[in-house]
Amino acid sequence: MQNVINSNVKIEETKVNMDSLPILNLQEAENPESAEAFDETFRKQAREIGFFYLVGHDISHEEILRLENIAKEFFELSVTDKNKISMAYSRHFRGYTGIEEENTQKHPDYREQIDIGPELPADPLVSDLDLWRNLQGPNQWPEALPELKDIVLDWGEKNRQLAIRVLRIFLRALYQDDTAVDYLIKGTPHHLLKLIHYPGNYENPQGVGAHKDAGLLTLLLQDKVGGLQVQSDKGWINAPYLENAFIVNIGETLELLTNGYLRANIHRVIAPKKGISRFSNAYFLSPCLSLGELIPFKLPANLAKLAKGPTSDPNNPLFQHVGKNAIKGRLRSHLAVTERFYPHILSNE
Ligand SMILES: O=C(O)CCC(=O)C(=O)O
Ligand SMILES: [Fe+2]
């Protein structure tokens, strides 16, 4: 779910700036009395940084703990148990990816993760011309931790509702009505939930390399360890833990739909020091795969003149086609799946 940016960034050489991310309060956003002022501030911050803390949501601390605890239990399973649901067995790009098995900036990420999407049967209409249909399909669940399935599917659904609520606000601030949101999400849902563990490491400080998220928007929940950094004009900003706050960031698809008015920003994670583990989970909201080619929104003239155009990596340009774009990122990041199920794609490159 990510696109690689600027393959030359070296973690130790970059400046770290101590400024912090702006805070979005959902209660303020949804209160008609404060909505206009909220939208005005949002428009500015969305173009400057595109990353926020999100507070005032209705996901309880207990629900967060339940998810975090089961995620930890999953990562504590034996390597053999985790590898039984290796993503390498799934043409749908679902399941477990071990440490250093995924690359960002052509460099291995020092993290392990499980990828989960909507629990749906494989799309029978798949063909060589529309391989992206394979992104729909069943998840892989660990036999050794049967409780994981219900907790994670419930968490995914709650995150989806919250992400759609946030999307409505973002688009309202751009003078779009609710039909703009409905256009993106009506139909079979498409999203990805990643439970992530960053084990401590000195030799490879790249938890995940610098990248932009590819979807509409991402909701992220992290523990207290820290390590997430966001790029700004002044250098890297640390995005430490804030109690009960999600982090929300704009993805490249939303940048494309708004002709760059909304900014999809570059971020990365520095792996913790040896002996410390960091846990996070990320929910990536994407448009329905069946949407076909994206039609950019019409912005009012005063906003349109501030839109800078999308800034995606020229070596890895975004497709207008939702499905083709979504599978392109997966084929690049998860080579074990590509080699096993899509070898002709490798030989065509
Ligand atoms: O773990 C984190 O804090 C961020 C993860 C991330 O950026 C990603 O998986 O796209
Ligand atoms: Fe990301």
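Keep in mind that what you see is a predicted model, and the values were worked out from it rather than measured.

What counts, and where the lines are drawn
- Residues numbered from 1 in each chain as written.
- Chains lettered and ligands numbered in written order.
- Predicted model: local features only at pLDDT ≥ 70, side-chain atom pairs only at ≥ 80, totals over all residues.
- Helix = DSSP H or I, 4+ residues; strand = E, 2+ residues; numbered from the N terminus.
- Expected span 1.5 Å × (residues − 1).
- Buried ≥ 20, exposed ≤ 12 C-beta atoms within 10 Å, placed from the backbone.
- Arc of directions from axis to C-beta.
- Contact = placed C-beta atoms within 7 Å.
- Axes fitted to C-alpha atoms, helices over the stretch in contact; angles between N-to-C directions.
- Parallel < 35°, antiparallel > 145°, perpendicular 65-115°, else oblique.
- Left-handed = near helix turned anticlockwise from the far one by under 90°.
- Pairing = 2+ DSSP bridges.
- Core = buried A, V, L, I, M, F, W, Y, C linked by C-beta atoms within 7 Å.
- UniProt positions renumbered as here; feature names shortened; annotations may be inferred.

## Comments concerning helix α3 (residues 61-76)
And step 1. Relative to the 22 Å expected for 16 residues at 1.5 Å per residue, α3 spans 22 Å between its end C-alpha atoms, a close match to the ideal helical length.
And step 2. Within α3, the full set of buried residues consists of L67, A71 and F74. Buried residues along α3 cover an arc of 55 degrees about the axis, so they all sit on one side. Exposed positions of α3 whose direction lies more than 90 degrees from the buried face are H61, E62, L65, N69 and E76.
And step 3. Those residues of α3 that are buried are in contact with β8 (112-116), α5 (148-173), β9 (190-199) and β16 (277-286).

## Here we look at the packing of α5 against helix α6 (residues 178-185)
And step 1. The geometry of α5 relative to α6 is characterised by a closest axis approach of 9 Å and an angle of 135 degrees between their N-to-C directions. Taken together, the axes of α5 and α6 lie oblique to each other. Crossing handedness for the pair α5 and α6: right-handed. Where α5 approaches α6, its residues I164, L167, R168 and L171 are matched on the opposing element by D178, A180, V181 and I185.

## Details of the pairing of β9
Taken residue by residue, a regular strand's side chains alternate between the two faces of the sheet.
And step 1. In terms of burial, β9 is a largely internal element, eight of the ten residues being buried.
And step 2. Alignment of β8 against β9, held across five bridges, turns out to be antiparallel. Within β9, the residue paired with Q113 across the bridge is I196.
And step 3. Judged from the ten bridges that link them, β9 and β16 form a sheet pairing that is antiparallel. If you follow Y198 over to β16, its bridge partner there is R278.

## What about the nonpolar core?
And step 1. Counting residues in hydrophobic clusters, the biggest one holds 73 residues, and the most contacted among them are L217, F246 and V248.
And step 2. For this core, the element with the highest residue contribution is α5, accounting for nine residues.
And step 3. Apart from residues no more than four positions distant in its own chain, L217 is found in contact with A163, V166, L167, V248, N249, I250, G251, L254 and L285.

## Examining the environment of L24
And step 1. Along the polypeptide, L24 turns up in strand β3 (residues 23-25).
And step 2. Since 24 C-beta atoms lie within 10 Å of it, L24 is described here as buried.
And step 3. When near neighbours in sequence (up to four residues on either side) are disregarded, L24 contacts A29, F42, F52, Y53, L54 and V248.

## Considering the sheet that holds β9
And step 1. Read across the sheet, eight strands follow the order β3-β4-β14-β11-β16-β9-β8-β5 without closing on themselves; strand pairing throughout is mixed. Bordering the open sheet on either side are β3 and β5 (95-97), each of which pairs with just one other strand. Put simply, the sheet's adjacent strands are angled 25 degrees from each other on average, direction ignored.
And step 2. Sitting on the sheet, α3 is in contact with β8, β9, β11 (217-222) and β16, with an inclination near 115 degrees to β16.

## A few points about the UniProt feature "domain: Fe2OG dioxygenase" (unreviewed entry) in the chain
And step 1. Feature annotation in UniProt assigns "domain: Fe2OG dioxygenase" (unreviewed entry) to the following positions: residues 188-287.
And step 2. In this annotation, residues 188-287 is assigned 6% helix and 52% strand; the end-to-end C-alpha distance for the span is 9 Å.

## Remarks on helix α2 (residues 35-48)
Structural remark: α-helix, 3.6 residues per turn; residues separated by three or four positions point the same way.
And step 1. With 14 residues, α2 extends 20 Å from end C-alpha to end C-alpha; this agrees with the ideal 20 Å at 1.5 Å per step.
And step 2. Of all the residues in α2, the buried ones are F38, F42 and A46. Looking straight down α2, one finds that the buried residues subtend no more than 60 degrees of arc, so they occupy a single side. Opposite the buried face of α2, by more than 90 degrees, sit the exposed residues E36, A37, E40 and K44.
And step 3. Looking at the buried positions of α2, the neighbouring elements they touch are β3, α1 (26-30), α5 and β14 (246-250).
And step 4. Looking one or two residues past α2, G50 carries a phi angle of roughly 70 degrees, positive in sign.

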